[in-house]
Amino acid sequence: SRGRCYMTYNIMCRDKHAMMSTKPRGQDYSYQGPVDPMELGLELEDESLHGSLSQEEDMDMVPFGGSSEVRDVRRRRFFLVHFPSVGLILTSLAALAIGALIGTFASGTRGGGMGVDTDTPGDASAPVELPPNLAPGRSFDGAAGNATSAHPALSDLVQNGEIVGDVDWELDFAIVGFPKCGTSYLMRYLALGEELYLNDHELCTLTFNDPVNLAKMYYDIDRVTEDGRRRVKVGLKCPKDFESDFGLQHYSQYWPTTDFVITTRHPVSWFQSFYNYRSYQHYPLRMPDPLDLIGECRDNHPGRICAHKITPKEECTKQNVCTDRSNFHYALSRFQKTPMNTTRELELLKGRTMDTMGGLKGRVFIMEVGQLALEGDAADRFTRDLSDYLGMEKPLPPFPGHTSGNEYEVEERRQDFMNICEDRYIPIRTELLKGGGAAAEWIRDYFLESDEVHVSQKEMFLDMIAKWSIDPCDNVEAL
């Protein structure tokens, strides 16, 4: 939580003034600047962080901070997660020490211990003082205007490895797609908001069919701002939760009121970015030839993607890179925000509505990645709209300055990178443009018609997605 370290499920420290720090506790924060959203090479998607540390995580892919420091902190986090008794002891000792300090301070400054008149009314503008047992895990009572800890005990919510109580209050919003569309940049940007909390890395426990892990991880989050006067909205980022077998299913069952943020991108630049990222990430393993990725991502499962260690390996030979996945409207239809009762809508979806998920009561904020590169008044309007959507009293800060990403520094690992504008990839571009045109039409004519779907500067957004059916290779600068 903002500026503090908790030794529960990870020991990463967050600093709202330095976006995300990957330094262990006790070291100085470092900040190398956010990735340029048009480069978008820093997503951790699919076989990345599951819970705290996945065996599939590529230790050389370091979006923020140096690789050696990240390895150090990940090793420490791995130690705490896989040796819970040691982590519990350390956590208990830390809690006892902090409790003693707080008790000493409280006894010296309240109750007349240092001659303070306890009957004197406090300054109305001063922060609300809270008993130590309210943090972490505080919530904000909007009616009373103060902090409270009214949640049931975790033991009443999770029993015998199952969620048995109401945990819907734990999660306010989720960034759930699409990969290589600026979700990591957006996660780090939202972390700057005083009224927002996001986990410091991609968290895909729902896709991996482990909702209990999420319920435990998010139980103790402090949901009150540092001044004690505003509620903190809690979120996560997993850019495949609504394309997988289990993601939306668990949202519907346990976190049905969660609001969603969806980022999109021109399908041609999306495919090239995703393919090259996968090639680099999985080296020395080789990706299939791009021309072999025309069609479905998952054999015999139209519109579905694979989840590491969940989906049978024989169905997952494409690393979730395929032209079919660029039909963004297939996955968006699962939110059940459109009627799906007209011939044209069903034609656009080609019957691939996947399994629409009933029970989802949350709203959807959809955006195009180009909106992350806005400047001036347009950028201010976008940040205000996003702040309003998330229910923030204090708007988000301006976008940080964009810097060019240098995420692919090892030349040897770039040997299979594709240039999608080469003539031999015309069949791929043809498929992507066809899907892009259908997705843009469906979003414009059906998705945005829902009162539960929000967009900033609608006309600008529509102009951006209208280009999804235009080949950017005719204008290299547009790619």
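All values derive from a computational prediction rather than experimental measurement.

Draft legend 1. Just the state of the cysteines, in detail. Applying the stated criterion across every chain yields a total of four disulfides. In this model, C297 is linked to C322 through a disulfide, with the two sulfur atoms separated by 2.0 Å. Between C297 and C322, the disulfide has an S-S torsion of -95 degrees and is therefore left-handed. Placement of C297 in the loop between α7 (267-281) and α8 (328-332) and of C322 in the loop between α7 and α8 is noted, with a sequence separation of 25 residues between them. Disulfide pairing is shown between C421 and C473; the S-S distance is 2.1 Å. Judged by the sign of its S-S torsion, about -85 degrees, the cystine formed by C421 and C473 is left-handed. Taken together, the residues span a long stretch of sequence, with C421 in the loop between α10 (376-389) and α11 (426-445) and C473 in the segment after α12 (458-466) at a distance of 52 residues.

Draft legend 2. Structural detail: the environment of G376. Of note, G376 is situated in helix α10. C-alpha separation for the pair G376 and P398, spaced 22 residues apart in sequence, amounts to 9.4 Å.

Draft legend 3. Fine view of the sheet that holds strand β7 (residues 233-237). Strand order in the open sheet made by the six strands is β6-β7-β5-β8-β9-β10, with parallel pairing throughout. Strand pairing shows two members of the sheet lacking a second neighbour, β6 (196-198) and β10 (453-454), which therefore form its edges. Strand direction decides the pairing type here: strand β5 (residues 173-177) and strand β8 (residues 259-264), joined by four bridges, are parallel. Looking at β8, one finds that G177 is bridged to I262.

Draft legend 4. Fine view of the pairing of β5. Of all five residues making up β5, five are buried, and the element is well covered by its neighbours. Across three bridges, β5 lies against β7 in parallel orientation. Looking across to β7, one finds that F173 is bridged to G235.

Draft legend 5. The nonpolar core, seen in detail. If you look at the biggest cluster of nonpolar residues, it comprises 77 residues, and the most contacted ones within it are Y218, Y251, W255, L332 and F335. Residue contributions to this core peak at eight residues, all from α11. In terms of nonpolar packing, the next biggest core, distinct from the first, is built from 26 residues, F173, M367, F382 and F399 among them.

Draft legend 6. Broad picture of the pairing of strand β9 (residues 364-368). β9 sits mainly inside the fold: five of its five residues count as buried. Burial of β9 is two-sided: the residues V364, I366 and E368 facing one way and the residues F365 and M367 facing the other way are all buried. Relative to β9, β8 runs parallel, the two sharing five bridges. When the bridges of β9 are listed, V261 appears paired with F365. Pairing of β9 with β10, which is carried by two bridges, proceeds in the parallel orientation. Looking across to β10, one finds that F365 is bridged to H454.

The rules behind each value
Residues numbered from 1 in each chain as written. Predicted model: local features only at pLDDT ≥ 70, side-chain atom pairs only at ≥ 80, totals over all residues. Heavy atoms only, no water. Disulfide = S-S within 2.5 Å. Helix = DSSP H or I, 4+ residues; strand = E, 2+ residues; numbered from the N terminus. Pairing = 2+ DSSP bridges. Buried < 20%, exposed > 50% of the residue type's maximum accessible area, 1.4 Å probe, protein only. Core = buried A, V, L, I, M, F, W, Y, C linked by side-chain atoms within 4.5 Å.

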